[in-house]
Amino acid sequence: MQVARRLEQIGAYLFADLDRKQAELTAKGVDVINLGIGDPDLPTPPHIIDALMEGATDPRSHRYPPYPGTQEFKEAAARWCQRRFGITLNAGTEVLALIGSKEGLAHLPWAIVNPGDVVLVPDPGYPVYRSSTILAEGTPHPVPLLRERGFLPDLQGIPAAVARKAKIVFLNYPNNPTGAIATREFLAEAVAFARTYDLLLAHDNSYSEIAYDGYRPPSILEIPGAKDVAIEFHSLSKTYCMTGWRVGFVIGNAAAVGALAKIKTNVDSGIFRAVQQAGIAAMDGQQQFLAERLRLYQARRDRTIRALRSLGWQAPDLRATFYIWLPVPDGASGAQFATRVLERTGVVVTPGAGYGAQGEKYVRISLTIADDRLDEALRRLTGAFGRAPRNMAEGSRSAPPAR
Ligand SMILES: *Cc1c(COP(=O)(O)O)cnc(C)c1O
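Parameters and conventions
Per chain, residue numbering runs from 1 following the sequence as it is written. Only residues with pLDDT of 70 or above have their local features reported here, since the model is predicted, and side-chain atom pairs are shown and tallied only from 80 upward, although totals for entire chains, interfaces and linings are computed over all residues. Only hydrogens and water are removed before side-chain values are computed, so all heavy atoms of the structure are retained for them. UniProt positions are given in the numbering used here, feature names are shortened, and annotations may be inferred rather than shown by experiment. Each helix corresponds to a stretch of at least 4 residues labelled H or I by DSSP, and each strand to a stretch of at least 2 residues labelled E; elements are numbered beginning at the N terminus. The salt bridge definition used is simple: a Lys or Arg side-chain nitrogen within 4 Å of an Asp or Glu carboxyl oxygen. Nearness is defined per residue: one heavy atom within 4 Å of the molecule or strand is enough. Whenever a nitrogen or oxygen atom comes within 3.5 Å of another N or O atom, the pair is scored as a polar contact, on the condition that within protein one atom can donate a hydrogen and the other can accept it, and that pairs from neighbouring residues in sequence are kept only if both atoms are in side chains. Accessibility throughout is a Shrake-Rupley quantity obtained with a 1.4 Å probe, and a residue counts as covered only by protein chains that appear here. Put simply, two rings from Phe, Tyr or Trp (the six-membered ring, in Trp's case) pair if the centres are within 6.5 Å, and we call them stacked under 30 degrees between planes, edge-to-face over 60, tilted for the rest. Criterion used throughout: strands pair if DSSP finds at least two bridges between them. Working convention: axes come from line fits to C-alpha atoms, limited for helices to the stretch in contact. Angles between N-to-C directions cover 0 to 180 degrees. Two cysteine sulfur atoms make up a disulfide if the distance between them is within 2.5 Å. Relative accessible area decides the class of each residue, using a 1.4 Å probe on protein chains only: under 20% of the type maximum gives buried, over 50% gives exposed, and in between gives partly exposed. Segment limits for the domains were obtained from an automatic or database-derived domain assignment. Whether two residues touch is decided by their heavy atoms; if any such pair falls within 4.5 Å, the residues are in contact. The term buried area means the drop in 1.4 Å probe accessible area that two parts suffer when joined, counted for both and summed. One fewer than the residue count of a helix, multiplied by 1.5 Å, yields its expected span. Taking the helix axis as origin, the arc is that swept by the directions to the C-beta atoms. Geometric relationships in this document are graded by angle, where less than 35 degrees denotes roughly parallel, more than 145 denotes roughly antiparallel, 65 to 115 denotes roughly perpendicular, and other angles denote oblique. Lys, Arg, Asp and Glu make up the charged group, whereas Ala, Val, Leu, Ile, Met, Phe, Trp, Tyr, Cys and Pro make up the nonpolar group; the residues left over, Gly among them, are polar.

Student: Just give me the short version of the UniProt feature "domain: Aminotransferase class I/classII large" (unreviewed entry) in the chain, but keep the residues and values in it.
Tutor: If you check UniProt for "domain: Aminotransferase class I/classII large" (unreviewed entry), the listed places come out as residues 31–381 in our numbering. Within the segment residues 31–381, helix and strand shares are 40% and 15% respectively, and the terminal C-alpha atoms sit 14 Å apart.

Listed below in structure tokens is the structure:
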């Protein structure tokens with residue numbers, strides 16, 4: 001058997017080396033601490049679990065759910081968006097339930113892209129934008145996110161010939177992996193760009209609720225006229241600690257939402273009704289627990305950034321997401337640096353190249369790990385690199401970059 005060319009194009013797994021080292025160390029009895037995983041360590045709040053259990057005993061749950069999500073779920077999502085962003089959505093045509101936002105992101109190019117069409121994907125970026133483009137036989141065009149631009153893409157710098165061939169531009173703020181946030185001015189510029197080139201702006205807002213210091217990330221649909229050109233992906237995963245439940249939704253432009261819905265009727269048969277009930281309980285229920293959890297992440301953020309900077313490493317300021325996008329302190333690649341960190345401390349960090357070529361000289365550190373484990377990891381890092389050879393810290397004594 002030979003697999004399809006489109007699958008080969010997605011490429012080999014980048015972290016095979018690091019994974020092998022990790023397995024070796026674990027086999028030798030080393031207590032490996034993984035700061036590579038972007039998955040909340042805290043449990044789903046009890047009122048959400050209760051709603052699932054209740055939903056599971058409802059005989060309606062035992063049959064196929066409606067393809068686009070139950071009307072109740074879509075209305076709850078629309079209400080949540082109204083409360084949170086002040087935007088008004090038609091639950092019938094402008095909201096679609098997803099089996100996690102990843103599912104919708106992965107199917108979107110099927111609905112929009114013809115073979116050979118260009119899709120603009122952020123580099124670094126969540127890998128699904130690129131791989132889903134390839135699976136739809138489109139051509140991903142990486143748009144660099146550079147530190148000197150606050151990790152916002154230079155849309156005007158995209159050659160017009162490329163932009164004219166593009167069908168989708170993917171954006172994601174607050175951003176994984178860089179932790180960057182977008183200004184409203186930038187979002188307005190992105191909407192204007194999509195209008196100029198008649199392409200679909202697909203904004204991934206999975207981290208809209210994971211923000212600190214009073215910052216409230218906006219929705220792209222707050223920009224006047226955005227609904228003409230944009231859709232936005234939302235996820236209950238990060239907000240409500242529900243990564244395992246697989247539930248999210250997409251909102252915005254009715255034609256694009258409808259096109260994605262048509263793909264989905266041919267691929268899946270909806271989300272377990274009880275999970276949708278739980279999603280409603282999450283969105284309609286008390287949001288107080290979220291503030292408490294954000295305080296916890298914020299405290300982890302502060303301790304981690306302090307520890308990294310004490311090593312002379314350029315940890316950035318972080319206003320949203322739970323990721324620290326750390327420039328590699330010496331000339332090494334992220335993969336070499338991650339291997340060195342693992343060998344010297346038993347701590348796993350993610351090499352940035354996994355998110356695109358522009359991530360080559362970075363590693364990503366995630367804060368979604370129990371406090372005692374995080375503190376132990378920071379102790380080990382400080383111990384191993386505190387009086388590091390010159391080359392570990394060289395060129396990194398300057399102030400951290402502004403975001
Ligand atoms: C976690 C994540 C997702 C996927 O979320 P699910 O709803 O769990 O599928 C999508 N985009 C980004 C940028 C993410 O980090």
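Moving on from the model shown.
Student: How would you summarise the pattern of salt bridges if you had to cite specific residues and measurements?
Tutor: Oppositely charged side chains can form a pair if their charged atoms are brought close together. Inspection of the entire model under this criterion finds 26 salt bridges. For Arg340, the salt bridge is made with Asp330, and the minimal N-O distance between the two is 3.0 Å. Remark: Asp330 occurs in the loop between β9 (323–327) and α13 (334–345) and Arg340 occurs in helix α13; sequence separation between them is 10 residues. Overlapping salt bridges bring together Asp31, Arg373, Glu376, Arg379 and Arg380 as one network.

Student: Describe the site of the ligand, with residues and values.
Tutor: In the vicinity of the ligand, 15 residues are found, and the nearest of them are Asp204, Tyr207, Ser235, Ser237 and Lys238. Lys102 is positioned such that a nitrogen or oxygen atom in its backbone is 2.9 Å from an oxygen atom of the ligand. One of the side-chain N or O atoms of Asp204 is found 2.6 Å from a nitrogen atom in the ligand. In the complex, 94% of the free accessible area of the ligand, which totals 390 Å², lies under the protein chains. Looking at the shell around the ligand, the elements with two or more residues in it are α5 (101–112) and α9 (236–239). Looking at the shell around the ligand element by element, the count peaks at 3 residues for α5.

Student: So, the packing of aromatic side chains: which residues are in play, and what are the values?
Tutor: As enumerated under the stated definition, the model contains 17 aromatic pairs in all. The rings of Phe73, Trp80, Phe85 and Phe249 are connected pair by pair, giving a single aromatic cluster.

Student: Tell me about the sheet that holds strand β7 (residues 230–235), residues and numbers included.
Tutor: Within the open sheet, the 7 strands sit side by side as β2-β8-β7-β6-β5-β3-β4. Their pairing is mixed. Pairing within the sheet leaves two strands with one partner each, and these edge strands are β2 (95–98) and β4 (139–144). Sheet twist, expressed as the average angle between the axes of neighbouring strands with direction ignored, equals 20°. Sheet topology places strand β5 (residues 166–171) next to strand β6 (residues 200–204); 4 bridges connect them, and they run parallel.

Student: How would you explain the state of the cysteines if you had to name every residue and give the values?
Tutor: As enumerated under the stated definition, the model contains 0 disulfides in all. Cys241 supplies the cysteine sulfur nearest to Cys81, a cysteine that is in no disulfide, at a spacing of 19 Å. Taking relative accessible area as the criterion, Cys81 reaches 0% and is therefore assigned buried.

Student: Quick one: what's the story with the domain arrangement of the chain, residue by residue and with numbers?
Tutor: Split by domain assignment, the chain resolves into domain 1 (6–43 + 288–394) and domain 2 (46–284). Computed over C-alpha atoms only, the centres of domain 1 and domain 2 are separated by 27 Å. Contacts between the two partners involve 32 residues from domain 1, matched on the other side by 34 residues from domain 2. Where domain 1 abuts domain 2, roughly 3,000 Å² becomes buried across the two surfaces, and 61% of that area is made up of carbon and sulfur atoms. Of all residues in domain 1, Arg319, Thr321 and Tyr355 bury the most surface against domain 2, accounting for 21% of the area lost on that side. Where domain 1 touches domain 2, the interface holds 2 salt bridges. Among the salt bridges present, the one from Arg6 reaches Glu137, with a minimum N-O distance of 3.1 Å. Taken together, the links from domain 1 to domain 2 amount to 13 residue pairs in polar contact (both at pLDDT 80 or more). Among the elements of the structure, α12 (288–310), β9 and β12 (362–366) are those that each provide at least two residues to the side of domain 1 that touches domain 2.

Student: Before we move on, can you summarise the sheet that holds strand β11 (residues 350–351) with the specific residues and values?
Tutor: Read across the open sheet, the 3 strands follow the order β9-β12-β11; overall the sheet is antiparallel. This sheet does not close on itself; its edge strands, each paired only once, are β9 and β11. Relative to β12, β11 is paired through 2 bridges, and the arrangement is antiparallel. Each bridged residue has a counterpart across the sheet, and for Pro351 the counterpart in β12 is Val363.

Student: I'd like a description of the side chain of Ser132, backed by residues and values.
Tutor: With respect to the helices and strands, the residue Ser132 is situated in helix α6 (residues 128–135). You can call Ser132 buried: its relative accessible area is 1%. Polar side-chain contacts of Ser132 include one of 2.8 Å to the backbone oxygen of Val128. Reaching out from Ser132, the side chain makes a polar contact with the backbone oxygen of Tyr129 at a distance of 3.3 Å. Every residue in contact with Ser132, bar those within four places of it in the chain, is listed here: Leu105, Ala106 and Pro109.

Student: Could you give me a rundown of helix α8 (residues 184–196), with the residues and numbers involved?
Tutor: For α8, spanning 13 residues, the distance from its first C-alpha to its last is 18 Å, which sits close to the expected 18 Å at 1.5 Å a residue. Along α8, the positions that sit buried rather than exposed are Phe186, Leu187, Ala190, Val191, Phe193 and Ala194. The arc that holds the buried residues of α8, viewed along the axis, is 160°, so those residues lie on one side. Turned more than 90 degrees from where α8 packs its buried face, Glu185 and Thr196 sit exposed. On its buried face, α8 is in contact with β3 (118–123), α7 (160–165), β5 and β6. Immediately beyond the C-terminal end of α8, within one or two residues, lies Asp198, with a positive phi of roughly 50°.

Student: Describe the packing of α13 against helix α14 (residues 371–385), with residues and values.
Tutor: Orientation of α13 relative to α14, taken along the N-to-C sense of each, is 100°, at an axis distance of 10 Å. By the criterion of interaxial angle, the relationship of α13 to α14 is roughly perpendicular. Within the contact between the two elements, α13 uses Val341, Arg344 and Thr345 and α14 uses Arg380, Leu381, Ala384 and Phe385. For the contact of α13 with α14, the residue count by class is 4 nonpolar, 1 polar and 2 charged.

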